[in-house]
Amino acid sequence: MYTVSDIKKKLASYCAYQDRCHWEVEEKLKEYYFLDDEEKGGILVWLIQNDFLNEERFALSYTRGKFNLKKWGKIKIRQKLKQKKIPERLILLSFEEIDEQDYMKSLEKIAENKWNSLKNESSLIKKKKLISYLIQKGYEFELIQNAIDSLVNKE
């Protein structure tokens, strides 16, 4: 049986290892079913006061990471942040972490790589597969269309 102090230490480590949002920590707290709501609330407050839990920092680092490492578009990032119960104002703030020129360059590079990988397909099939792929990555349809038009004009 863990004490409240033990649980605080475990959750502090959990949050220190990687930025976490409130929802993730609340889900983790459910493992300690013997705690009442007041104790859980006290632990959350302690984590926030000691800067182990910071929703804004989480949203910013999550957005940076998913864009820079996984090359996700804003639609997918927004969707995943909403699943983690991040408020819309923090989602919009986190999008400021993405430079618009870098966003467009990333989309164009992903589109070009995928387009080139589909060299044995007809033009129509290539377009269809590329659109599906870029939508799955979370890019906006209008930007996808522009990227495809640019690729078609290069051929």
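Predicted model only: the values in this text are computed from it and were never measured. (Residues numbered from 1 in each chain as written. Predicted model: local features only at pLDDT ≥ 70, side-chain atom pairs only at ≥ 80, totals over all residues. Heavy atoms only, no water.)

A. A look at the nonpolar core. By size, the foremost hydrophobic cluster in this structure holds 26 residues, and its most contacted members are Ile77, Leu81, Ile86, Leu130, Leu134 and Tyr139. Those elements that provide at least two residues to this core are helix H4 (55–68), helix H5 (74–83), helix H6 (88–95), helix H7 (100–117), helix H8 (123–137) and helix H9 (141–154). In contact with Tyr139, not counting residues within four places along its chain, are Phe67, Lys71, Trp72, Gly73, Ile75, Tyr103, Ser106, Leu107, Ile110, Leu134 and Ile144. Listed in part, the 13 residues of the second largest apolar core include Cys15, Leu35, Ile43 and Leu44. (Core = buried A, V, L, I, M, F, W, Y, C linked by side-chain atoms within 4.5 Å. Buried < 20%, exposed > 50% of the residue type's maximum accessible area, 1.4 Å probe, protein only. Helix = DSSP H or I, 4+ residues; strand = E, 2+ residues; numbered from the N terminus. Contact = heavy atoms within 4.5 Å.)

B. Region of the structure containing the confidence of the model for the protein chain. Here the protein chain averages 94 in pLDDT, while 100% of its residues score no lower than 70. At the level of individual helices and strands, the protein chain shows its lowest average pLDDT in H9, which scores 90, and its highest in H5, which scores 98. (pLDDT = per-residue confidence, 0-100.)

C. Molecular detail of a nonpolar patch on the surface. A contiguous nonpolar patch, built from Met1, Tyr2, Tyr33 and Phe34 and spanning about 560 Å² of accessible area, is present on the exposed surface. Positionally, Tyr33 belongs in the loop between helix H2 (22–29) and helix H3 (37–49). (Patch = residues over 30% accessible without salt bridge, like charges linked within 9 Å, V, L, I, M, F, W, Y side chains within 5 Å. Areas by Shrake-Rupley, 256 points an atom, 1.4 Å probe, with all protein chains shown as cover. Salt bridge = Lys/Arg side-chain N within 4 Å of Asp/Glu carboxyl O.)

D. Region of interest: the packing of aromatic side chains. Summed over the entire model, instances satisfying the criterion amount to six aromatic pairs. Taking the centre distance of 5.6 Å and the plane angle of 20° together, the rings of Trp46 and Phe52 count as stacked. Trp46 sits in the partly exposed class, given a relative accessible area of 26%. Residue Phe52 is classed as partly exposed on the basis of its relative accessible area, which comes to 25%. Among the aromatic residues, ring-to-ring pairing joins Tyr2, Tyr32 and Phe34 into one connected group. A cation over a ring is seen here: Lys28 above Tyr14, with NZ or CZ 5.1 Å from the ring centre. When the ring centre of Tyr133 is taken as origin, the NZ or CZ atom of Lys114, which lies over that ring, is 4.7 Å away. (Phe/Tyr/Trp six-rings, centres within 6.5 Å; stacked < 30°, edge-to-face > 60°. Lys NZ or Arg CZ within 6 Å of the ring centre and 35° of its normal.)

E. Here's a closer look at the environment of Lys154. Looking at the element boundaries, Lys154 is found in helix H9. Classification of Lys154 as exposed rests on a relative accessible area of 58%. A sequence separation of 132 residues divides Lys154 from His22, and the C-alpha atoms of the two residues are 47 Å apart.

F. Geometry of the side chain of Glu55. With respect to the helices and strands, Glu55 occurs in helix H4. No salt bridge is formed by the buried Glu55. Its closest oppositely charged neighbour is Arg89, at 7.8 Å. Only 2.8 Å separates the side chain of Glu55 from the backbone nitrogen of His22, close enough to count as a polar contact. Those residues in contact with Glu55 that sit more than four places away from it in its chain are Cys21, His22, Lys85, Ile86, Pro87 and Leu90. (Lys, Arg positive; Asp, Glu negative; His and termini not counted. Polar contact = N/O pair within 3.5 Å; in protein donor to acceptor, adjacent residues only side chain to side chain.)

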